[in-house]
Amino acid sequence: MRTRIFALWLLLAAATAAAFAGNRISIAGAEGAPGDVVTVMVSMESDTPAEGMQLSLTLPEGTVFTGDATALGRAHEMRVQGGVRGGRLNLTLFSLNRAAIAAGSGKVMSFGLRLGATPMLADLAPEAVLVGADGSRLEVSCDEAVLRVNGAALSLPQREYGLGRVALGEPRTFTVTVANTGTDVLNISGLSGAPEGWSLAAPLSVAPGDRGAATVRVVPSVRGRDVTLIRFDSNASGESERVIVTSEGFGRNEMFLTTTAAKGGEEALVGMTLKNYDGVCGFTAKVELPRGFGYVPGSFAIDGARAVGHGTTATVEEGRDGKTTVTLTAYSLTNKPFAGREGTVATFRVLVASRNGATLGLKSAVLPALIDSKVTDVASAFGGAYMSVSSPTLNVARTQNLGRTPVTQAEAGSFSFSNYGSESLTVSSLDIDDEALHLSTPLPITISPWSSATLSFTRSDDARGELRHLVRLHSNDPDTPVLDRDQPIDRYSPNELTLEADEADEGDPLVLRLLMDNNDDIEGLQFDLNFDASLAGTLVAEPTERAEGFRTSVSRMADGRMRVVAYSMGGAIARGSGPVMTLTLTPATACAEGSYTLTASDIVLGNGSMENLHSATVVPQTSLTVNFFLLGDLNSDRRVSSTDVNIILSHLLRPDEVAVKVRAADINKDGNISSTDANLLIRTLTKGN
């Protein structure tokens, strides 16, 4: 018999005869629950008798051949032998007496399979060899079938999760990705093996072939490193895979500073808040205060709602960088913990001597608590806080000249100051290093942000020259509560010269008056008279009644420049105003008509101490007009006519009513206007001369 089977296998392997297109083998699908035994039917449709058949297919994972295979229908006289090798099921349908499967269609055999534990959908893809009645190999095709293992299947693409640092007692969640590789909807309802406080946040349903996120709610309870293993409760077949969760548990014990908005120049309250999981019984905190912020001694206090009977200490260390480190300690001799779990535990005050906000830093914090009967620092976090500051800002030039002021005036000048800050600025008082300089603006004076005000000063003495004063302003500007200001004042005694001039006719000398306005007694004066070089000639200086007793001298310095000196052997020009000298300039050549400018320069007004008391900053200057002159031209029309005769005759008849230009009407040049002058004028017109 074995020899016959072996010969049949050789026959099947070697057959190469022509095939018939109508041969088809099909497998009926099967389904069941995990672990069930199912029977798979094999049918054949053929156009010619077949003496044998070999069928081979790959078994799905977990599926087992039961060893039960039976010939059916048209092949009931034949036998079936089967086995599994390399994961493939091989079935041979043969006959020892060369019986054949008649042409036609129907079932030819069946075989049993035990389904695996994992629900799935798997393809059964057979391959077949068919041998005809004459021993030739027939062409055959195979139809696939589906093997279905019913049920949901839970798979974990990722099984390990790290939660990092977790705060004890504080709920948190994390998500686990789950996949349903089964054929039915996967329903996850809870956790297995989870510690107390762990739970599935909500039931989860996952469709076949899909993925979902299972949210796990955790309440950490283990201090330090912890490894937790959990499983999901579900309708999946078999035991689900375990999820490994690692974490590092710690007690949340945090201290932070809290601040409120502060005003520059005032004190501000700083809070110290404590959020504690453990029974914290005290603390030591190092607070760093930046430049412009100072600790108020004795201001550190424990909040009565959270602590009773705790002692306190505070030490202050000034740094070279202007920063201050304050070490604040609260303690309990009996290790009594603070009441409550969150809130302000202590306060202290700082003096804000700055107009700018800054961060108050918490450099370190030690929070002792009894852990397993041992005092342990349980601080998990600490930090400072930013304090915003609103303040006035004094803005004023450190040096500003009050101006040039004569000693004859009491007003010495003023200057403005501004507030560039966000709070009202108050200048409360002002110190001046000279009693003669007085502030005439009432103090204190307060101005709003981005506003200005003026401080006015007067001086009560006759001190002269450039005087410098130190003015010290006291304000509520936290950065500059005291500001020193250099205050120069230029005081002078007014002693000034002025030039005046009359009009002149062509050929006449030019007459000027020198006036002086003096606050001091003047015992001598000197100046240079400057004029157009065309006016060069002689200059005569005659003192007026104000300068009685003065002697004068005139020196030629250059063409168009004459130096005049006036001095007294014992008298002085008293204080006052008015002319002090008449200047007569006689050009060597008659000057043409026009306007001429004359100025006085290099002025010296001296006293008995040989000081120059001249104070004017403007050069004395005058404009002198020289008019056209024609003898007999009385109406200034630049010709002699009968109109001029009528004018002189009218003047002779009514001298008080009709005025004439004396020099033009004095035809005979005897200094008088008479009928002789009229006759000469008529004769001139008659003779045309």
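Please refer to the structure placed before this passage.
Read on for an overview of the structure. (Residues numbered from 1 in each chain as written. Predicted model: local features only at pLDDT ≥ 70, side-chain atom pairs only at ≥ 80, totals over all residues. Heavy atoms only, no water.)

## Side note on the environment of Val108
Inference 1: Along the chain, Val108 turns up in strand S8 (residues 104-114).
Inference 2: Here Val108 falls in the buried class, since its relative accessible area comes to 0%.
Inference 3: In contact with Val108, other than residues within four places in its own chain, are Val42, Ser43, Met44, Met53, Thr70, Ala71, Leu72, Arg74, Ala75, Leu93 and Ile101. (Helix = DSSP H or I, 4+ residues; strand = E, 2+ residues; numbered from the N terminus. Buried < 20%, exposed > 50% of the residue type's maximum accessible area, 1.4 Å probe, protein only. Contact = heavy atoms within 4.5 Å.)

## Structural notes on the pattern of salt bridges
Inference 1: Considering all chains together, one arrives at 24 salt bridges under this definition.
Inference 2: For Arg252, the salt bridge identified is with Glu254, shortest N-O distance 2.7 Å.
Inference 3: Looking at Arg252, the relative accessible area reads 21%, which means it is partly exposed.
Inference 4: With its nearest N and O atoms 2.0 Å apart, the salt bridge here joins Arg556 to Asp559. Comparing Arg556 with Asp559, the two get one shared label, exposed.
Inference 5: Through salt bridges with shared partners, a single ionic network connects Asp528, Arg561, Arg563 and Asp602. (Salt bridge = Lys/Arg side-chain N within 4 Å of Asp/Glu carboxyl O.)

## Focus on the pairing of strand S45 (residues 465-475)
Inference 1: Of the pairings in the sheet, the one linking strand S41 (residues 425-432) to S45 comprises five bridges and is antiparallel in character. Pairing of Ser429 across the sheet is with His474, part of S45.
Inference 2: Across 10 bridges, the pairing between S45 and strand S46 (residues 482-492) is antiparallel. Bridge pairing links His474 to Val482 in S46.
Inference 3: Hairpin connection of S45 to S46: six residues between the antiparallel strands. (Pairing = 2+ DSSP bridges.)

## Quick word on the side chain of Asp677
Inference 1: Along the chain, the position of Asp677 falls in helix H4 (residues 675-687).
Inference 2: Buried Asp677, no salt bridge; nearest opposite-charge side chain is Lys669, N-O distance 10 Å.
Inference 3: Among the polar contacts listed, one links the side chain of Asp677 to the backbone nitrogen of Ile667, at a separation of 3.1 Å.
Inference 4: At 3.1 Å, the side chain of Asp677 forms a polar contact with the backbone nitrogen of Asn668.
Inference 5: Residues in contact with Asp677, not counting those within four places in the same chain, are Ile648, Ala665, Asp666, Ile667, Asn668, Asp670 and Asn672. (Lys, Arg positive; Asp, Glu negative; His and termini not counted. Polar contact = N/O pair within 3.5 Å; in protein donor to acceptor, adjacent residues only side chain to side chain.)

## What to know about the environment of Glu496
Inference 1: Here Glu496 shows up in strand S47 (residues 495-501).
Inference 2: Its relative accessible area of 33% is what places Glu496 among the partly exposed residues.
Inference 3: Note: C-alpha distance between Glu496 and Asp517 (21 residues apart in sequence) is 5.3 Å.
Inference 4: What Glu496 contacts, discounting residues up to four positions off in sequence, is Leu515, Met516, Asp517, Leu605, His614, Ser615 and Ala616.

## Points about the packing of helix H2 (residues 642-653) against H4
When two helices pack together, you describe them by how their axes are tilted relative to each other and by the distance separating the axes.
Inference 1: With their axes 10 Å apart at the nearest point, H2 and H4 run at an angle of 165 degrees to one another. What the angle tells us is that H2 and H4 run roughly antiparallel. Considering how the two elements wind past one another, H2 and H4 form a crossing that is left-handed. Contact residues: Ser642, Asp644, Val645, Ile648, Leu649 and Leu652 in H2; Ser675, Asp677, Ala678, Leu681, Ile682 and Leu685 in H4.
Inference 2: Of the residues assigned to the contact of H2 with H4, the class counts are eight nonpolar, two polar and two charged. (Axes fitted to C-alpha atoms, helices over the stretch in contact; angles between N-to-C directions. Parallel < 35°, antiparallel > 145°, perpendicular 65-115°, else oblique. Left-handed = near helix turned anticlockwise from the far one by under 90°. Nonpolar A, V, L, I, M, F, W, Y, C, P; charged D, E, K, R; others polar.)

## Looking at H2
Inference 1: Helix length check: H2, at 12 residues, gives a terminal C-alpha distance of 17 Å against a target of 16 Å (1.5 Å per residue), a fit within 8%.
Inference 2: Along its buried surface, H2 packs onto helix H3 (662-665) and H4. (Expected span 1.5 Å × (residues − 1).)

## What about the layout of surface pockets?
Inference 1: Empty space within the largest pocket amounts to approximately 230 Å³.
Inference 2: If you trace the largest pocket, you find 18 residues lining it, with Leu154, Ser237, Gly238, Glu239 and Ser240 closest to the centre.
Inference 3: Elements supplying a minimum of two residues to the lining of the largest pocket: strand S14 (154-155) and strand S21 (224-234).
Inference 4: The leading source of residues in the lining of the largest pocket is S21, at four residues.
Inference 5: Among the residues making up the lining of the largest pocket, the classes are represented as six nonpolar, eight polar and four charged. (1 Å grid on protein atoms, 1.4 Å probe; cavity = no way out; pocket = protein on both sides within 12 Å on 5 of 7 lines; lining within 4 Å. Points joined across faces, edges and corners; volume = space filled by probe spheres on them.)

## So, a nonpolar patch on the surface
Inference 1: On the surface, Leu649, Leu652 and Ile682 cluster together into a nonpolar patch covering about 200 Å² of accessible area.
Inference 2: Its location among the elements puts Ile682 in helix H4.
Inference 3: The partly exposed category is assigned to Ile682, whose relative accessible area is 34%. (Patch = residues over 30% accessible without salt bridge, like charges linked within 9 Å, V, L, I, M, F, W, Y side chains within 5 Å. Areas by Shrake-Rupley, 256 points an atom, 1.4 Å probe, with all protein chains shown as cover.)

## Section: the packing of aromatic side chains
Inference 1: According to the stated counting rule, one finds seven aromatic pairs in the structure shown.
Inference 2: Judged by centre distance (6.5 Å) and plane angle (75 degrees), the ring pair of Phe174 and Trp198 falls under edge-to-face. Here Phe174, found in strand S16 (residues 172-180), pairs with Trp198, found in the loop between strand S17 (186-192) and strand S18 (199-200); they are 24 residues apart in sequence, far enough to count as distant. Each member of the pair Phe174 and Trp198 is classed as buried.
Inference 3: Positioned above the aromatic ring of Phe415 is the side chain of Arg485, whose terminal nitrogen or guanidinium carbon lies 3.6 Å from the ring centre. (Phe/Tyr/Trp six-rings, centres within 6.5 Å; stacked < 30°, edge-to-face > 60°. Lys NZ or Arg CZ within 6 Å of the ring centre and 35° of its normal.)

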